[in-house]
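# Remarks on the overall topology
Spelled out, the chains give:
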Amino acid sequence: TFAPLKRFVMKKNVLFFVLMLSCLFGFGQTVNIGDILCTDGIIVKPAHWPCGKTAKGIVFYVDDSHLHGYAVSLTQSGPMKWSASTNDVQQLPNQTHWRDAIHDFNGLNNTQIIRQQQNSNANTYPAAWANNVDPSNGWYLPSAGQVNLLYGELMDVNASLTLVGGTL
């Protein structure tokens, strides 16, 4: 099973985002592991849940600025085959050792490459075409490096998933 990821970025419209955060949590609030990404783009602290918003992901990674990061979706797409094709996806980086694979953090690009393959569809690459995987909306399959980051934060992520009614 897998759960798609979403990369969140505080856009140039930082003033609006900061004002929204200041209204909800106090000025200067940062994004942290386990925070709840809502459908309107607002980040909510678990201590402030429920808050009348709709959750769509749980933050499992933030960069040093605490402005960019990754969130995992609330539900898993279920067990499915990665690919029905035996052909290698030529444009994807082939990693022969786990130490190399865990340094790949480009799940978005990898998912886009898979979806752009000739004859790529839900029958040939089911995971890349699952109903909640949509790179145009920022949701994509995680890379090995992103899965490794998520695995390191399971306790906080699972606590928040439970809080919002997500799937563990």
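Everything that follows concerns the structure shown earlier in this document.
Below or above, wherever it landed, is the structure these notes cover.

Basis of the calculations
Note that residues are indexed from 1 along each chain, following the sequence as it is written. The predicted nature of this model means local features are confined to residues of pLDDT at least 70 and side-chain atom pairs, given and counted, to a pLDDT of 80 or more, with totals for whole chains, interfaces and linings taken over all residues. Side-chain measures here rest on the full set of heavy atoms in the structure, leaving out hydrogens and waters. Only DSSP runs of H or I covering at least 4 residues are called helices, and only runs of E covering at least 2 are called strands; the numbering of each starts at the N terminus. Note on exposure labels: buried denotes an accessible area under 20% of the residue type's maximum, exposed denotes more than 50%, and partly exposed covers the range between, all computed with a 1.4 Å probe on protein chains only. Take the buried Ala, Val, Leu, Ile, Met, Phe, Trp, Tyr and Cys residues and link them wherever side-chain atoms come within 4.5 Å; each set so joined is a nonpolar core. Residues are treated as being in contact if the distance between any of their heavy atoms lies within 4.5 Å. Salt bridge, as used here: a side-chain nitrogen of Lys or Arg that lies within 4 Å of a carboxyl oxygen of Asp or Glu. In this analysis, rings of Phe, Tyr and Trp, with Trp reduced to its six-membered ring, are considered paired at centre separations within 6.5 Å, and the interplanar angle assigns stacked below 30 degrees, edge-to-face beyond 60, and tilted for intermediate values. In this scheme, Lys NZ or Arg CZ marks a charge over a ring once it lies within 6 Å of the ring centre and within 35 degrees of the ring normal.

### Here's the deal with the environment of Trp-139
- Within the fold, Trp-139 resides in strand S6 (residues 139-140).
- A residue is classified by how much of its surface remains accessible, and Trp-139, at 11% relative accessible area, is buried.
- Through-space distance from the C-alpha of Trp-139 to that of Leu-108 is 7.6 Å; in sequence the pair is 31 residues apart.

### Observations regarding the nonpolar core
- Core analysis: the biggest nonpolar cluster contains 16 residues, and Ile-36, Trp-49, Ile-58, Val-157 and Val-164 have the highest contact counts within it.
- Looking at this core, the elements that each hand over two or more residues are strand S2 (36-38), strand S4 (55-62), strand S5 (68-73) and helix H5 (154-164).
- Setting aside residues no more than four positions away along its own chain, Val-157 makes contact with Ile-58, Val-59, Phe-60, Val-72 and Leu-150.

### A short note on unusual backbone geometry
- In this chain, Trp-49 is followed by Pro-50 through a cis amide linkage whose omega measures 0°.
- Within the secondary structure, Pro-50 sits in the loop between strand S3 (43-44) and S4.
- Notably, Asn-119 is not glycine yet its phi reads approximately 65°, a positive angle.

### A closer look at the pattern of salt bridges
- In total, this model carries 2 salt bridges according to the counting rule given.
- Close ionic contact of Lys-45 with Asp-35 constitutes a salt bridge, the shortest N to O distance being 2.5 Å. Of the two residues, Lys-45 sits in the loop between S3 and S4 while Asp-35 sits in the loop between helix H1 (14-25) and S2, which places them 10 residues apart along the sequence.
- What makes Lys-45 buried here is its relative accessible area of 10%.
- You can call Asp-35 buried: its relative accessible area is 2%.
- Where Asp-40 meets Lys-53, a salt bridge forms, and the shortest distance between an N and an O atom there is 2.6 Å. Of this pair, Asp-40 sits in the loop between S2 and S3 while Lys-53 is found in the loop between S3 and S4, placing the two residues 13 residues apart along the sequence.

### What to know about the packing of aromatic side chains
- By the definition in use, this model includes 2 aromatic pairs.
- Taking NZ or CZ as reference, Arg-115 lies 3.8 Å from the ring centre of Trp-129, over its face.

### Focus: the side chain of Ser-160
- Mapped onto the secondary structure, Ser-160 falls in helix H5.
- Since its relative accessible area comes to 3%, Ser-160 is described here as buried.
- In this structure, Ser-160 is in contact with Gly-34, Pro-46 and Ile-58, ignoring residues within four places of it in sequence.

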